[in-house]
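Listed below are the residues making up each chain.
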Amino acid sequence: MMSRQPPTRSQIIVGAVFTSLLFLFFFHGSNPGLNGLGGRPAELRRFGRKGKLPNSDIFNSTLGFEKIFVIGLPTRTDRRDGIILQAAVSNMEIDFIDGVKGDTVPDKAIPIGKDQSRIGNASIGSWRAHMNAVQEIVHRNLSSALILEDDVDWDIRLKQQLYDFSLASRALTQPLSSSPSPSPKYTDPTFNRPPDMMPNQIPTIKFDSLPSTIAPIVSPYGDDWDLLWLGHCGVTFPFDRPNHDKLPKGRVIHFDDVTVPPKGNLWSLNKPFTLVKDYPEHTRAIHHTQEGVCSLGYAISQRGARKLLYEVGLKDVSDGFDILLRFFCEGGKAGRKAHTCLTAQPGYFQHHRALGPTSHASDIGDHKGGYREKGLTDMIRWSVRLNLEALMDGKTDGFVDQFPDKKTED
């Protein structure tokens, strides 16, 4: 009987190479969804499964997105200290994208239209920093990311707020469970419809009676969105206007949202402020985005990031970044078309205005003179920033409410 000889070194190497080639053949050959970016598609890499996507992912350290990026100048160490603490007590994981000084961006790096001049350096720096964040999402093939500016604040109950937002966004963009493909139907009859087939009525959906929709695969916020504008200085409900694409008009109305401040503490740069004018106290509305102002916080899908890098990174930089973001969402400027952008009003991320000289408030605008005696955050009731000490001490109640309801007399 012949004894078996141990394999030689060359046999081991040949076997390893053969096994690797076999793996690559079956893995790539059997997966038509692989893209040309060197790995599994971003939308499957994040969750890696079909079937029901648990909304509990929103309660993780990145709020249901793959990454959270914070944009800010490295020299603003005060802001970094603050937002790192805010993220820590909120159990959030953040990465920084360095802000850019506009005077370091050469003219040749800025797409400019015919007969147009370079816009101001502060706006150029902001545009380039945001584009660097978007570029990172595309380059790393991230399924989605939330982008925040470094002076924002949020409510202690943010994760519950975003959970509610996800239910609303899915109601607006996911097909109804009763209408599978190839001809899906939606709660909002104006979504994914040709402009000439859109009904004229405004579909209003109550948050407390959302319909059943097909569970998403890609994101807990739904599978068919480009951008979620979650922090702003004002938006409007969609309306028709000349030379612009028609936007879907469905809106989810969340009555009795206890995290919404009283009407007297709400404001918007857009007039009229329809939310305050037409709806009762403590109402939040979720809908498609129009006339957004201020890019305090927004999330982008991989699909949306590629489109945004093309539309705002490679086309005419004629305005500040937030206005370019508006053009991206609603189209109608420099040949841009509309994209699927959702928002909430009031927004979930707001400016924090720290105690100290008011001239420190912005690196873009000019806030001359004055001294702020007390820090504040716009339109956030249980501000994380203003409750840092309580949160670090482990308290779970008794938080400072910036905008308490007025007590009614018996």
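Residues numbered from 1 in each chain as written. Predicted model: local features only at pLDDT ≥ 70, side-chain atom pairs only at ≥ 80, totals over all residues. Heavy atoms only, no water.

A closer look at helix 8 (residues 321-330)
Here is the rule we go by: Classification of residues uses two cut-offs on accessible area relative to the type maximum, computed with a 1.4 Å probe and protein chains only: under 20% is buried, over 50% is exposed, and between them is partly exposed. Here a helix means four or more residues in a row that DSSP labels H or I, a strand means two or more in a row labelled E, and each is numbered from the N terminus. Here, two residues are considered to be in contact whenever any of their heavy atoms come within 4.5 Å of each other.
Most of helix 8 is tucked away, with nine of its 10 residues classed as buried. Those residues of helix 8 hidden inside the fold are in contact with helix 4 (121-139), strand 6 (227-231), strand 10 (290-293), strand 11 (297-301), helix 7 (302-313) and strand 12 (341-345). Where helix 8 ends, the next residue or the one after it, G331, has phi of about 70 degrees, a positive value.

Description of the environment of G370
Relative to the assigned elements, G370 resides in the loop between strand 14 (356-357) and strand 15 (371-372). Taking the C-alpha atoms as reference points, G370 and P357, separated by 13 residues in sequence, lie 6.0 Å from one another.

Some thoughts on the packing of aromatic side chains
Just so we agree on the cut-off: Each aromatic pair joins two rings of Phe, Tyr and Trp (for Trp, the six-membered one) with centres within 6.5 Å, and gets the label stacked for planes under 30 degrees apart, edge-to-face for over 60, and tilted for any other angle. To sit over a ring, a charge needs its Lys NZ or Arg CZ within 6 Å of the ring centre and within 35 degrees of the ring normal.
Here the structure, examined in full by the defined rule, presents nine aromatic pairs. Between the aromatic rings of W154 and F349, the centroid separation amounts to 6.0 Å while the plane-to-plane angle is 75 degrees, which identifies the pairing as edge-to-face. You can see W154 sitting in the loop between strand 4 (152-153) and helix 5 (158-173) and its partner F349 sitting in the loop between strand 12 and strand 13 (350-353), a full 195 residues away along the chain. Look at F165 and Y348: their rings are 5.8 Å apart centre to centre, the planes differ by 80 degrees, and that puts the pair in the edge-to-face class. One end of the pair, F165, is in helix 5; the other, Y348, is in the loop between strand 12 and strand 13, and 183 residues separate them in sequence. Exposure class is identical for F165 and Y348. Each is buried. Members of the aromatic cluster, joined through ring pairs, are F65, F165, Y221 and Y348. Seen from the ring of W127, R128 lies directly overhead, with NZ or CZ sitting 5.2 Å from the centre.

As for the environment of I286
As for its placement among the helices and strands, I286 is situated in strand 9 (residues 284-288). Taking the relative accessible area as the measure of exposure, I286 reaches 2% and is therefore buried. Each C-alpha atom, one on I286 and one on H254, is 8.0 Å from the other, the two residues being 32 residues apart in sequence. Not counting residues up to four positions away in its chain, the partners in contact with I286 are F165, A168, L172, G250, R251, V252, T343, A344 and Y348.

Quick notes on the pattern of salt bridges
Rules: In the sections that follow, a salt bridge refers to a side-chain nitrogen of Lys or Arg positioned within 4 Å of a carboxyl oxygen of Asp or Glu.
According to the stated counting rule, one finds 20 salt bridges in the structure shown. Put simply, R140 and E136 hold a salt bridge, and the shortest N to O gap is 3.3 Å. A residue is classified by how much of its surface remains accessible, and R140, at 35% relative accessible area, is partly exposed. Between K277 and D278 there is a salt bridge, with its nearest N and O atoms 3.3 Å apart. Looking at K277, the relative accessible area reads 62%, which means it is exposed. When its relative accessible area of 48% is taken as the criterion, D278 is described as partly exposed. By sharing partners, the salt bridges in this structure join D224, D226, R303 and K307 into a single network.

A few points about the sheet that holds strand 2 (residues 95-98)
Put simply, the rule is: If DSSP finds at least two bridges between two strands, the strands pair. In this analysis, axes come from line fits to C-alpha atoms, helices being fitted only over the stretch in contact, and the angle between any two N-to-C directions falls in the range 0 to 180 degrees.
Spatially, 2-1-3-11-6-12-9-8-5 is the arrangement adopted by the nine strands of the open sheet, whose pairing is mixed. Because the sheet does not close on itself, it has two edges, and the strands there are strand 2 and strand 5 (204-206). Neighbour to neighbour, the strand axes of the sheet diverge by 25 degrees on average, direction disregarded. Across the sheet, helix 3 (residues 77-89) lies against strand 1 (67-72), strand 2 and strand 3 (144-149), angled at about 155 degrees from strand 2, the strand it touches most.

Thoughts on the side chain of R157
If you trace the backbone, R157 turns up in the loop between strand 4 and helix 5. Dropping the residues within four chain positions of it, R157 is found in contact with V258, T259, R381 and W382.

Let's talk about the side chain of H287
Quick note on the threshold: Counting of polar contacts relies on pairs of N or O atoms within 3.5 Å, with two restrictions inside protein: one atom must be capable of donating a hydrogen and the other of accepting it, and residues adjacent in sequence are counted only when both atoms are side-chain atoms.
Mapping H287 onto the fold places it in strand 9. Classification of H287 as buried rests on a relative accessible area of 0%. Here the side chain of H287 touches Q345 through a polar contact of 2.9 Å, side chain to side chain. In this structure H287 touches L172, V235, T236, F237, P238, G250, R251, C341, L342, T343 and Q345, once residues within four positions along its chain are discounted.

A look at the packing of helix 7 against helix 8
Rules: Crossings are sorted by hand: turned counterclockwise from the far helix by less than a right angle, the near helix makes the crossing left-handed, and turned clockwise it makes it right-handed. Classification convention: Asp, Glu, Lys, Arg as charged; Ala, Val, Leu, Ile, Met, Phe, Trp, Tyr, Cys, Pro as nonpolar; all other residues, Gly among them, as polar.
Contact geometry of helix 7 with helix 8 gives a least axis separation of 10 Å together with a crossing angle of 115 degrees. Helix 8 is crossed by helix 7, and the crossing has right-handed handedness. Of helix 8, the residues touching helix 7 (which contributes G304, K307, L308, E311 and V312) are F321, L324, L325 and F328. Partitioning the contact of helix 7 with helix 8 into residue classes produces six nonpolar, one polar and two charged.

Details of the pairing of strand 1
The criterion, for reference: Convention used here: a crossover is right-handed provided that the path from the first strand, over the helix, to the second strand proceeds clockwise when the strands point away from the viewer.
For strand 1, a buried count of five out of six residues is recorded, marking the element as mostly surrounded by other parts of the structure. Of the strand pairs in this sheet, strand 1 and strand 3 are connected by five bridges, and their pairing is parallel. Note that in strand 3 the partner of I68 across the bridge is L146. The pairing of strand 1 with strand 2 spans four bridges and is parallel. The residue of strand 2 that forms the bridge with I71 is I97. You can see the chain leave strand 1, run along helix 3 and come back into strand 2, and the turn it takes is right-handed.

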